[in-house]
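Chains, contacts and geometry: an overview
Each chain, written out:
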Amino acid sequence: MAHREGWVVVNQVPTRVQTWGGWIEDPLPDGDSVIVCIPGNPGLTSFYRTFLASLHQQLGIPVWICCQAGHELPPPSTRLKCPTDPALYTTSAQAAHKAAFLQQYLPANRKLYLIGHSLGAKLVSELLRNELIARHTQKCYLLMPTLERIADTPNGRFLTGILDCFMTMIIFFAWIFSLFPDACREFLIGCWFFLSRQHGVDQGCMEATCHLTRPRQLRSIFTLALNEMKFIKELDMQVLNTHCPKLKVYFARKDGWAPLTYMESLKKAKPDIDVTVLGEQFQHAFVLDNPEEMADILAQEIKIERAK
């Protein structure tokens, strides 16, 4: 079945959803499983489009993703408006938002495979605290996870310093940039990607990057990032002890948000946890560089898990 996207209201917040293999409100095709991806921060769904399309193509299982609350703004045609209450957009509120989404749309008879990237991995661990969701969940795949002490990472320290001093200025320049014609913004962003990564990016990532330069969305992204620094402290040993067999964790070799020292910390805390260090080509933002390669790895893992 074809790719589809749309807007639903979850926990009072208009939420963009993209699906492959069956829309969330329609009867799903025959089968017993659903894959749900929880994005990182920025939590725009189009960053993951190529990755999830490839995963669905290889597995034939319905695949869903919903945005982080407040990171995508509904178009005027939907007549939906995002609430202004900042309490709806904290890290804990994002976890509650994803739990509400699953409780609202996941069919009772479906097995659930969760994918969490970066902050999304932490949100997956929060979802496992919900007994109903944990009962449905067969396996969780945590990609470049920010599970502990994010404020102490190289990127965490750098971003905190930048935002403490320059957040208002950055948002002001984003507002100026948002006034440029769409074609001009896409051209400049494409040049930046090519200069910084030595290659272009797919249309989904281009679309998402154009959207995250909008001032209101950028403020939501920065505010959540600063909240993560305060919220994500020590490893959640309750979840690790209770659900360790359901966790498969992937680290990149060079990652300023989830360094290999944190992998060692995780293995020391839970020696039997299933951890893999990915190849040199993988970076934290794998959706920009290796989305299909990551999909290949996960597709094989999920096939093995389903065959058990």
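Preceding this paragraph is the structure being described.
To start, this report covers the structure provided alongside it. Starting afresh in each chain, residues are numbered from 1 along the sequence in its written order. Confidence filtering applies because this is a predicted model: local features only for residues at pLDDT of at least 70, side-chain atom pairs given and counted only at 80 or more, and all residues used for totals across whole chains, interfaces and linings. Side-chain descriptors were evaluated using all non-hydrogen atoms of the structure, hydrogens and water having been removed beforehand.

Observations concerning the environment of V239
- Numbering of helices and strands starts at the N terminus; helices are DSSP runs of H or I of at least 4 residues and strands are runs of E of at least 2. Following the sequence through the fold, V239 ends up in helix α9 (residues 237–243).
- Three exposure classes are used, based on accessible area relative to the maximum for each residue type with a 1.4 Å probe and protein chains only: buried under 20%, partly exposed in between, and exposed over 50%. Given a relative accessible area of 4%, V239 falls into the buried group.
- For V239 and E126, which are 113 residues apart along the polypeptide, the C-alpha to C-alpha distance reads 8.0 Å.
- Apart from the residues within four sequence positions on either side, V239 is in contact with S125, L128, R129 and C244. Contact between two residues is taken to exist if any of their heavy atoms lie within 4.5 Å; hydrogens are not considered.

Thoughts on helix α6 (residues 182–197)
- Along its 16 residues, α6 runs 22 Å from first to last C-alpha, staying within 8% of the 22 Å computed at 1.5 Å per residue.
- When α6 is considered as a whole, its buried residues turn out to be R185, I189, F193 and R197. All buried residues of α6 project into a common sector of 70° when viewed along the axis, lining one side. In α6, the exposed positions angled more than 90 degrees off the buried face are occupied by A183, F187 and L195.
- On its buried face, α6 sits against α5 (154–178), α7 (203–212) and α11 (286–289). Under the convention used throughout, the expected extent of a helix is 1.5 Å for every residue step, that is, one less than its residue count. The arc under discussion is defined with respect to the helix axis, by the directions toward the C-beta atoms.

Section: the pairing of strand β5 (residues 111–117)
- Burial analysis of β5 places six of its seven residues in the buried class, which makes it a mostly covered element.
- Pairing between strand β3 (residues 33–38) and β5: six bridges, direction parallel. The partner of V34 across the bridge, within β5, is L112.
- In this description, strands pair whenever DSSP reports at least two bridges between them. Across six bridges, the pairing between β5 and strand β6 (residues 137–143) is parallel. Along β6, the bridge assignment pairs Y113 with K139.

Digging into the packing of aromatic side chains
- Two aromatic rings, drawn from Phe, Tyr or Trp (for Trp, its six-membered ring), form a pair once their centres lie within 6.5 Å of each other, and the interplanar angle then sorts them: stacked below 30 degrees, edge-to-face above 60, tilted otherwise. Going through the model one piece at a time under the given rule, you end up with seven aromatic pairs.
- Note on F101 and Y105: the rings are 5.5 Å apart at their centroids and 50° apart in plane angle, and the pair reads as tilted. Of this pair, F101 and Y105 both sit in helix α2 (residues 91–105), separated by four residues, roughly a single helical turn.
- Pairing F177 with F180 gives two aromatic rings, centres 5.4 Å apart and planes at 55°, and the pair type is tilted.

Brief notes about the side chain of T153
- Structurally, T153 is set in the loop between β6 and α5.
- According to the relative accessible area criterion, T153 is buried, its value standing at 1%.
- What T153 contacts, discounting residues up to four positions off in sequence, is G256, W257, P259 and Y262.

Let's talk about the sheet that holds strand β1 (residues 3–10)
- Across the sheet, which stays open at both edges, the eight strands sit in the order β1-β2-β4-β3-β5-β6-β7-β8 with mixed pairing between neighbours. Here the strands that pair on one side only, and so sit at the sheet edges, are β1 and β8 (274–277). Averaged over neighbouring strand pairs, the angle between their axes works out to 20° when direction is ignored.
- Inspection of the sheet shows β1 paired to strand β2 (residues 13–20) by eight bridges, in the antiparallel sense. Within β2, the position partnered with H3 by the bridge is W20.
- Only C-alpha atoms enter the line fits that serve as axes; for helices the fit covers just the stretch in contact. Angles between N-to-C directions range over 0 to 180 degrees. Strand contacts of helix α3 (residues 119–127): β3, β5 and β6, with the helix running at about 145° to β5, the strand carrying the most contacts.

Topic: the side chain of S46
- Among the structural elements, S46 can be located in the loop between β3 and α1 (49–59).
- Overall, S46 belongs to the buried group, its relative accessible area being 1%.
- Of note is the side chain of S46, whose polar atom sits 3.2 Å from the side chain of Q18.
- Only 2.9 Å separates the side chain of S46 from the side chain of R49, close enough to count as a polar contact.
- Setting aside anything within four residues of it in sequence, one finds S46 in contact with R16, Q18, G204, C205, E207 and A208. Whenever two N or O atoms come within 3.5 Å, that pair is a polar contact, provided that in protein one can donate a hydrogen and the other can accept it, and provided that, for residues adjacent in sequence, both atoms are side-chain atoms.

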